Amino acid sequence: MRKIWNVFKKTMPAILAAVIFVTAVGLILAMPAQAAGPKIEKKIYFRLYKAYPGSAYVSTQNATKGKITKLKNSSPSVAKVSVIDKKYLLVTPKKSGTAKVSFCFAGKKLSTKLIVQKWENPCKEFKVGNKDYARKFTKSEQFSRQRQKKDITARIKITSKKGWKLLKIERITSNEPPKKIKNNTKAKLSIHGTGTGIYAYFRNTKTGIRERVCLGYGSGPMEDENYYNIRIDPAEFK
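It should be emphasised that the depicted structure is a prediction, and the values quoted were computed from it without experimental measurement. (Residues numbered from 1 in each chain as written. Predicted model: local features only at pLDDT ≥ 70, side-chain atom pairs only at ≥ 80, totals over all residues. Heavy atoms only, no water.)

A.B. asks: I would appreciate a short explanation of the sheet that holds strand β18 (residues 231–232) in the present structure.
C.D. replies: One open sheet accounts for five strands, arranged β3-β6-β7-β1-β18; its pairing is mixed. In this open sheet, the two strands that pair with only one neighbour each are β3 (68–73) and β18. Alignment of β3 against strand β6 (residues 97–105), held across four bridges, turns out to be antiparallel. Note on β6: the bridge partner recorded for N73 is V101. (Pairing = 2+ DSSP bridges. Helix = DSSP H or I, 4+ residues; strand = E, 2+ residues; numbered from the N terminus.)

Rendered as structure tokens:
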């Protein structure tokens, strides 16, 4: 009996430690997860169009309650920034450059850089078959050709302007992942679903700025027109 008691005394601290550890882990897992505080992207990119002086919204992340206060803008000449509904920033690009914006939201100070890039058409040539769409990108990076009656297969030939480098070409259609296509080869443009987009990606050899142009081909009832995306999604260029 004494031998058993001696063994118990030696192992009891380890048993107690294990019990405490298991209990602590259980309590941690049972506790509700604490919501992350509000935050904002460190850099936000915008396009400036000559033909379309538009604006774009910016909102904080992980923020459901609170309001924006103490808004400061280092360069109003680059971008006009105002508060909408006490919780959103409305950004209107004015000229190329960078503006640092800071504000408080729900008691936390946040800041970001607004980077404005003037739109420049990087295409010297954007041919689908015998038709060249390069001039359609003078106003913006996206041109949609609608009211098409049938699918076509055509040669895609894209040439960059001086100072720009063509990086890749993609074909995107409904319910399919993006597919890379070689320059000066044939590709199918389908009108089914939302139609087909031919995307060309470029890099400015001097500034490093990247741009993307898109020709849309579909059967929708809309007129052919340019689309303007004020805010640039960095994911476009991955």
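A.B. asks: Can you help me understand the nonpolar core in this one?
C.D. replies: As a rule of thumb, nonpolar side chains are buried together in soluble globular proteins. By size, the foremost hydrophobic cluster in this structure holds 44 residues, and its most contacted members are F46, L114 and F126. It is β6 that provides the largest number of residues to this core, a total of four residues. L114 has contacts with I44, F46, A79, V81, V91, G97, T98, A99 and V101, leaving out every residue within four places of it along the chain. In terms of nonpolar packing, the next biggest core, distinct from the first, is built from five residues, Y199, Y201, I232 and F237 among them. (Core = buried A, V, L, I, M, F, W, Y, C linked by side-chain atoms within 4.5 Å. Buried < 20%, exposed > 50% of the residue type's maximum accessible area, 1.4 Å probe, protein only. Contact = heavy atoms within 4.5 Å.)

A.B. asks: Can you help me understand the environment of W119 in this one?
C.D. replies: With respect to the helices, strands and loops of the structure, W119 is situated in the loop between β7 (108–118) and β8 (123–128). According to the relative accessible area criterion, W119 is buried, its value standing at 8%. Separated by 21 residues in the primary sequence, W119 and S140 have C-alpha atoms spaced 6.9 Å apart. Sequence-distant contacts of W119, that is, excluding residues within four places in its chain, are made with R47, L48, Y49, F137, T138, K139, S140, E141, E211, R212 and V213.

A.B. asks: I would appreciate a short explanation of the side chain of Q148 in the present structure.
C.D. replies: Along the chain, Q148 turns up in the loop between β10 (142–145) and β11 (152–160). What makes Q148 buried here is its relative accessible area of 15%. For Q148, the side chain forms a polar contact with the main-chain oxygen of Q146, separated by 2.7 Å. Among all residues touching Q148, those that are not within four sequence positions of it are I191, Y217, G218 and S219. (Polar contact = N/O pair within 3.5 Å; in protein donor to acceptor, adjacent residues only side chain to side chain.)

A.B. asks: Where do I start with the environment of F202 in this structure?
C.D. replies: As for its position among the elements, F202 is in strand β15 (residues 196–204). The exposure class of F202 is buried, given its relative accessible area of 0%. For F202 and W164, which are 38 residues apart along the polypeptide, the C-alpha to C-alpha distance reads 6.4 Å. Filtering out sequence-adjacent residues up to four positions away, F202 remains in contact with P122, C123, I158, S160, W164, K165, L166, L167, I209, R210, E211 and V213.

A.B. asks: Whenever I open this one, a positive patch on the surface confuses me. Can you help?
C.D. replies: On the surface, K43, K70, K72, K100, K109 and K113 cluster together to form a positively charged patch. Broken down by secondary-structure element, the contributors of at least two residues to the positive patch are β3 and β7. Position of K43 among the secondary structure elements: in strand β1 (residues 43–48). Among the residues examined, K43 registers a relative accessible area of 45% and is labelled partly exposed. (Patch = residues over 30% accessible without salt bridge, like charges linked within 9 Å, V, L, I, M, F, W, Y side chains within 5 Å. Areas by Shrake-Rupley, 256 points an atom, 1.4 Å probe, with all protein chains shown as cover. Salt bridge = Lys/Arg side-chain N within 4 Å of Asp/Glu carboxyl O. Lys, Arg positive; Asp, Glu negative; His and termini not counted. Charge placed at Lys NZ, Arg CZ, Asp CG, Glu CD.)

A.B. asks: For this particular structure, what's the right way to read the pairing of β15?
C.D. replies: Within a regular strand, side chains alternate between the sheet's two faces. Burial analysis of β15 places eight of its nine residues in the buried class, which makes it a mostly covered element. When strand β12 (residues 164–173) meets β15, the two strands line up antiparallel, connected through nine bridges. Paired with K168 across the strands is Y201, a residue of β15. The hairpin turn running from β15 into strand β16 (residues 210–217), its antiparallel successor, is five residues long, and G208 in that turn takes a positive phi close to 85 degrees.

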